[in-house]
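Below are the chains, spelled out letter by letter.
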Amino acid sequence: MILVNENYLKLQDSYLFSTIAKKVAEFTEENPDKRIIKLGIGDVTLPIAKVVGEAINKATEEMLHKETFRGYGPEQGYDFLREKIVEFDYKKRGINIEIDEVFVSDGAKCDTGNIGELFSKDNVVAITDPVYPVYLDTNIMAGRTGNYNKEQDKYEKIVYIPATSENNFIPELPKEKVDMIYLCFPNNPTGTVLTKDELAKWVKYAKENKAIILFDSAYEAFIREDNVPHSIYEIDGAKEVAIEFRSFSKTAGFTGVRCAYTVVPKELVAYTKNNEEVSLNRLWNRRQCTKFNGVPYITQRAAEAVYSEEGQKEIRKNIDYYMENAKLIREGLTEAGYTVYGGKNAPYIWLKVPKGYTSWEFFDYLLEKANVVGTPGVGFGPSGEGYFRLTAFGSKENTIEAIKRIKKM
Ligand code: PLP
């Protein structure tokens, strides 16, 4: 008899985006004349850079000829791309990452999800709350949680670390001993960041407790302020305790092209029950070689072009465009009397919903009164209740119009 992985049955239906879609569809049907503005989804809207498109065309042309055709590539990624990553994303910031510590992949979503395979089911997992839901859900699937507690909207055995306005969105170090720590900064959904000193506290904790930090810096390119680390490896000693995930998705409009990478330093170890050290770089390499056949050559040439002078100029322009939207939302909402967070180093604005509303009630109110769609904070974790996420990924025109409508509510 085929038995199912019952851990999957513990997963709560991810009703967040499907419920939003359903509510929007119902509203549209009842109000066909109303133009809805969507500032809810975290997908980019500007096209890829011209030079990236040209690289795709050139690589496609190469695939058409016997002399230049490419079949399976290295599972870890082509050196031409890994060299650029090492040079531009690390060396230029004074960080020494070696080429064989970089693993190119088709997305930070898969990597942050798959990385858990390297770790025992017995590890205690800590996540900041609210956060990108993939970390929690993949640990549920892996069996590292107990059951779901509906009353608390929490899973047993998971250590939730609140990041709310009460602690200025700076999560406190866990009181108990944890083994796997997921950190995402700049944060999705709150758009907030940690300073170097704050991040250094986590590195110290991980060292002292022989824990690992899984650091997702998918939004690194949006950082504007000094003293906000772009990479966890800016912190001394982090190479001994952290894996870093990066993505071209938001940085260069690759949500549909699909390219990302993960850095697994060679210093990094996990332990057997007998306290023997095991290299995680070696394990991740083994995992990728066994289960992954590499990112398409064409895609990797596209990612390489992001690092060209022209590519850098174009992606900066797009990021500036989104950050201008973020500023418009921040300032507009503040003028309208809302308390807002984030949006300075990230494309997300996190606002406190007015007193008396839950996240979902505010969603309905905003849809009804302003015909604007956002994302209820509670969808990202129990500490997201009472908050609401707007994204800066829309068009400037729509962003201005949305703020105008919200001000009139
Ligand atoms: N990590 C975070 C924090 C994200 O918000 C997202 C996408 O929204 C991802 C990772 C996914 O990245 P990718 O498109 O590379 O899979």
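Residues numbered from 1 in each chain as written. Predicted model: local features only at pLDDT ≥ 70, side-chain atom pairs only at ≥ 80, totals over all residues. Heavy atoms only, no water.

*Asks:* Can you tell me about the packing of helix H3 (residues 50–63) against helix H10 (residues 297–306), naming the residues and giving the values?
*Replies:* For the pair H3 and H10, the least separation of the axes is 8 Å and the interaxial angle reads 150°. Along this stretch, H3 crosses H10, giving a crossing that reads as right-handed. For the pair H3 and H10, contact is made by Val51, Val52, Ala55, Ile56, Ala59, Thr60, Glu62 and Met63 and by Tyr297, Ile298, Arg301, Ala302, Ala305 and Val306, respectively. Taken together, the residues that form the contact of H3 with H10 break down as eleven nonpolar, one polar and two charged. (Axes fitted to C-alpha atoms, helices over the stretch in contact; angles between N-to-C directions. Helix = DSSP H or I, 4+ residues; strand = E, 2+ residues; numbered from the N terminus. Left-handed = near helix turned anticlockwise from the far one by under 90°. Contact = heavy atoms within 4.5 Å. Nonpolar A, V, L, I, M, F, W, Y, C, P; charged D, E, K, R; others polar.)

*Asks:* I'd like a description of the domain arrangement of the chain, backed by residues and values.
*Replies:* Partitioning the chain into structural domains gives domain 1 (6–47 + 310–408) and domain 2 (54–308). One C-alpha centre belongs to domain 1, the other to domain 2; they are set 25 Å apart. Residue-level contacts link 37 residues of domain 1 with 47 residues of domain 2. Summing both sides of the interface, domain 1 and domain 2 together bury roughly 3,400 Å²; the carbon and sulfur share of this comes to 58%. The tally of links between domain 1 and domain 2 comes to one salt bridge. Put simply, Arg224 and Asp320 hold a salt bridge, and the shortest N to O gap is 2.6 Å. Our enumeration of links across domain 1 and domain 2 arrives at 20 residue pairs in polar contact (both at pLDDT 80 or more). Elements represented by at least two residues in the side of domain 1 that touches domain 2 include exactly helix H1 (7–10), helix H11 (309–335), strand E13 (340–342), strand E14 (348–352) and strand E17 (387–391). Of all the elements, H11 adds the most residues to the side of domain 1 that touches domain 2, at nine residues. Its residues placed into classes, the side of domain 1 that touches domain 2 shows 17 nonpolar, twelve polar and eight charged. (Domains from an automatic or database assignment. Buried area = accessible area lost by both parts, 1.4 Å probe. Salt bridge = Lys/Arg side-chain N within 4 Å of Asp/Glu carboxyl O. Polar contact = N/O pair within 3.5 Å; in protein donor to acceptor, adjacent residues only side chain to side chain.)

*Asks:* How would you summarise helix H9 (residues 280–291) if you had to cite specific residues and measurements?
*Replies:* The first and last C-alpha atoms of H9 sit 16 Å apart over twelve residues, in line with the 16 Å expected at 1.5 Å per residue. Turning to H9, its buried residues number three or more, namely Leu280, Asn281, Trp284, Arg287 and Gln288. Looking down the long axis of H9, one finds its buried residues gathered within 125° of arc, a one-sided arrangement. Exposed residues lying more than 90 degrees from the buried face of H9 are Arg282, Arg286 and Thr290. On its buried face, H9 sits against strand E2 (102–105), helix H5 (108–114), strand E8 (212–216), strand E10 (260–263), strand E11 (269–271) and strand E12 (277–279). By the N-cap criterion, in which a side-chain oxygen at the helix start approaches the backbone nitrogen of a residue two or three places on, H9 is capped by Ser279, the distance to Asn281 being 3.4 Å. (Expected span 1.5 Å × (residues − 1). Buried < 20%, exposed > 50% of the residue type's maximum accessible area, 1.4 Å probe, protein only. Arc of directions from axis to C-beta.)

*Asks:* Any details on the sheet that holds E13? Residues and values, ideally.
*Replies:* Taken together, the four strands give an open sheet; going across it, the order is E13-E14-E17-E16, and neighbouring strands pair in antiparallel fashion. In the strand order of this sheet, the two ends are held by E13 and strand E16 (375–376), each with one partner. Where E16 meets E17, two bridges bridge the pair, whose relative direction is antiparallel. Counterpart to Thr375 in the pairing with E17 is Arg389. (Pairing = 2+ DSSP bridges.)

*Asks:* If you had to explain the nonpolar core to someone new, which residues and values would you point to?
*Replies:* Among the nonpolar cores identified, the biggest contains 52 residues, and Leu81, Ile181, Ile213, Ile232, Tyr233, Phe248 and Phe254 are the most heavily contacted of them. Setting aside residues no more than four positions away along its own chain, Ile232 makes contact with Leu199, Val203, Ile213, Phe215, Ala238, Ala242 and Glu244. (Core = buried A, V, L, I, M, F, W, Y, C linked by side-chain atoms within 4.5 Å.)

*Asks:* Describe unusual backbone geometry, and please don't skip the residues or the numbers.
*Replies:* Cis peptide bonds are those with omega within 30 degrees of zero, and the linkage from Asp129 to Pro130 qualifies with 10°. Position of Pro130 among the secondary structure elements: in the loop between strand E3 (125–129) and helix H6 (134–142). Here the amide bond leading from Phe185 into Pro186 is cis, since omega sits at -10°, within 30 degrees of zero. Considering the arrangement of structural elements, one finds Pro186 in the loop between strand E7 (180–184) and helix H7 (196–209). Phi at Lys157 is positive, roughly 75°, even though this residue is not glycine. By secondary structure assignment, the location of Lys157 is in the loop between strand E5 (154–155) and strand E6 (159–162). Given a relative accessible area of 59%, Lys157 falls into the exposed group. Its identity is not glycine, yet Phe169 carries a phi of approximately 65°, on the positive side.

*Asks:* Go over the pattern of salt bridges with me, naming the residues and quoting the values.
*Replies:* In total, this model carries 27 salt bridges according to the counting rule given. Among the ionic pairs, Glu331 bridges to Lys327, the shortest N-O distance being 3.7 Å. Remark: Lys327 and Glu331 occur in helix H11; sequence separation between them is four residues, near one turn of the helix. Lys327 gets classed as partly exposed once you look at its relative accessible area, which sits at 42%. If you follow the salt bridges from partner to partner, you end up with Asp89, Glu220, Glu244 and Arg246 in one network.

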